[in-house]
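Structural characterization, general
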Amino acid sequence: MTALPMTPESDDLFAEQHVEQILDWLAGPPAANPLEDLAPLRAHLVSLSEAQISGNQFHRILDLFYTRAHKITLELKPKLRDASLPLSRPLRQIAHGLSEIHQTIARGYERVLADVEQRRVRNQRRNPTRIVGRAMKSLLEQLEIGALVAARVPPDLWRSAHQLFREARLERESDMSGPNASPDAEQIYREMLALATIQPESLSAREVELISAYLSRFASAVEIRESAPGEADPSLFWVDTGRDAPPVPFARKPPPAGAKSLIYLSCARLAALTAEQLKALERGTMPEELHLPPEASDAGYRGLLRRIQQCWVEPAKRHFPRRRNNYRVQVCIGLEALWQMLERGPAATAEPGEDNISDWMVLNESPAGYALMHVAGEVHGLHNGSAIGLRMAESQAWQICILRWMTSDNPEHIELGVQVVAPGATSIGIAFRNTKQQQRQPFQALLLDPLPALRQNPAILAPAGSCRSRRFIMVTGEDKTCIAQGRMVSLDLQTSSVELFQYESDPYPI
């Protein structure tokens, strides 16, 4: 049977049927399990984008999708926060699906904005300020989802954010949406920029969530300047709004000469606010008095604030040149697995896949660490800030490293950046004094081999939350029969997984 040619009337009928199906789905109750809504939400969004309908009708339906998408995202984000890399196939589908949904919604609002500007018909709903705010909120969600799962930033995300920021500034004077009627696009843009300055690929998923919540409260302290600074300030960042790129610190790279689309970013006021909050917390001020979450009373949260505050005051820059390479190494993931390997002694061996050991390729190296790519073996339990052991051959000692960043766009491709903290280590047990009885069981920890270039005193790598007082007892020896007492000198490193501190022999042992 020969298909009948499409006519304008049949086009209209086809579009009307599509819209009816979309509206019927949106009018129905959300699924009890948000995962069941994810696939149909994506499918109906695609149908809406392809439907030949009026700009006003498209806008009204897009607003319904915006509300539904953010509700689903709020319910599904905890699944991504609690996962480790590499993500399982279901979790990867969740992350990819949510990211695509917010990208489609952001592009939809860009289409609405163009329609409003062309027709010059404005009201409280069809207001550019409101439209830009919703588009920017969707981009922020996409950025945070990528950070939670260590995925690369999607193409054109920053280009869209920069353009929306410009639109928001142009429309600021003609805002008709009323107070608190829509997301503040400039505030959200500050959140995105501030999140990018602390290199979210170096944070664990839980830390990304905490910092995103922190910035949603305090990113208004971020300053955006249109003119270049009068004098060099290493804490400043520059942004080329004509490129698809995040902020770049002056300390790492100067802006391109002659660029006409630059803006300048200062997080100095935000860093000062963070420093004041840390001092208040140390004095015993309750977190709610500082508009901080209950987690702020934990040492780990305060350690996280110190790290990001340092990023804003003194952005990281490369101290050593990197040399390209392509040799294989073995990697042991996690403090517990590494402790078990060291406990067996230097002659202990393991096949890839056993004891959380896998094969990796060194992509480049410097005196400070390595960039690695996964080659073979089962990998699980990857978290930014966790301990990593690395060796080139089974006859060599494990180098002790900290996982500093990772990217994983698919389960078969994982890249890591690790910082070397010691050329070797010994497995020990430690217990801190002046703690509750149930907390006195020894922690599995590593006594790090000396590294005079970095530390003046001996150091220990312990699980996060171990350091509950300055004095501790250390159990060493093959049979763990040698007991020594020490006093912490400085807490040099604190992540969501481990703590590294220097110590000396306790001058007042008991």
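Every value quoted in this text rests on a predicted model; they were computed, and no experiment measured them.

What counts, and where the lines are drawn
- Residues numbered from 1 in each chain as written.
- Predicted model: local features only at pLDDT ≥ 70, side-chain atom pairs only at ≥ 80, totals over all residues.
- Heavy atoms only, no water.
- Helix = DSSP H or I, 4+ residues; strand = E, 2+ residues; numbered from the N terminus.
- Contact = heavy atoms within 4.5 Å.
- Areas by Shrake-Rupley, 256 points an atom, 1.4 Å probe, with all protein chains shown as cover.
- Polar contact = N/O pair within 3.5 Å; in protein donor to acceptor, adjacent residues only side chain to side chain.
- Core = buried A, V, L, I, M, F, W, Y, C linked by side-chain atoms within 4.5 Å.
- Buried < 20%, exposed > 50% of the residue type's maximum accessible area, 1.4 Å probe, protein only.
- Pairing = 2+ DSSP bridges.
- Axes fitted to C-alpha atoms, helices over the stretch in contact; angles between N-to-C directions.
- Parallel < 35°, antiparallel > 145°, perpendicular 65-115°, else oblique.
- Left-handed = near helix turned anticlockwise from the far one by under 90°.
- Nonpolar A, V, L, I, M, F, W, Y, C, P; charged D, E, K, R; others polar.

1. Examining the overall build of the chain
Within the chain, the regular secondary structure consists of eleven helices and 17 strands. Sequence separation of 24 or more characterises 68% of the internal contacts of the chain that already satisfy a separation of 6 or more. As presented, the chain carries roughly 25100 Å² of accessible surface, and 52% of it is formed by carbon and sulfur atoms.

2. Observations regarding the side chain of Thr241
Mapped onto the secondary structure, Thr241 falls in the loop between strand S2 (236–240) and strand S3 (248–249). A distance of 2.7 Å separates a polar atom in the side chain of Thr241 from the backbone oxygen of Ser261.

3. Quick look at the nonpolar core
Membership of the largest hydrophobic core comes to 108 residues, with the highest contact counts inside it found for Met192, Tyr214, Trp312, Leu372 and Leu382. Per element, the largest residue contribution to this core is eleven residues, and it comes from helix H4 (residues 89–119). In this structure, Trp312 is in contact with Ala194, Thr197, Ile198, Tyr214, Leu215, Ser235, Cys267, Leu270, Ala271 and Thr274, ignoring residues within four places of it in sequence. Core analysis: the second largest hydrophobic core is formed by 22 residues, Leu338, Trp398, Leu446 and Ala459 among them.

4. Section: the sheet that holds strand S1 (residues 223–225)
Taken together, the four strands give an open sheet; going across it, the order is S1-S4-S2-S3, and neighbouring strands pair in antiparallel fashion. Both edges of this open sheet fall to S1 and S3, since each of them pairs with a single strand only. The sheet contact formed by S2 and S3 spans two bridges and is antiparallel. Along S3, the bridge assignment pairs Phe237 with Pro249.

5. Things to note about unusual backbone geometry
Within the chain, Gln199 stands out as a residue other than glycine whose phi angle is a positive 50°. Summarising the element assignment, Gln199 is placed in the loop between helix H7 (185–197) and helix H8 (205–218). In this structure, His291 takes a positive phi of about 60° despite not being glycine. Examined against the element boundaries, His291 turns out to sit in the loop between helix H9 (268–282) and helix H10 (299–313).

6. A few points about the packing of H9 against H10
The description of two packed helices rests on the angle between their axes and on the distance between the axes. At a minimum axis separation of 9 Å, H9 and H10 run at an interaxial angle of 155°. Viewed along their axes, H9 and H10 adopt a mutual orientation that is roughly antiparallel. At the point where H9 passes H10, the crossing takes the left-handed sense. Contact residues: Leu270, Ala271, Thr274, Ala275, Leu278, Leu281 and Glu282 in H9; Arg302, Leu305, Arg306, Gln309, Trp312 and Val313 in H10. Broken down by class, the residue content of the contact of H9 with H10 amounts to eight nonpolar, two polar and three charged.

7. Looking at the pairing of strand S6 (residues 328–333)
Burial analysis of S6 places five of its six residues in the buried class, which makes it a mostly covered element. When S6 meets strand S7 (residues 357–366), the two strands line up antiparallel, connected through five bridges. Looking at S7, one finds that Arg328 is bridged to Met361. The pairing of S6 with strand S9 (residues 387–391) spans four bridges and is antiparallel. Each bridged residue has a counterpart across the sheet, and for Val331 the counterpart in S9 is Leu390.

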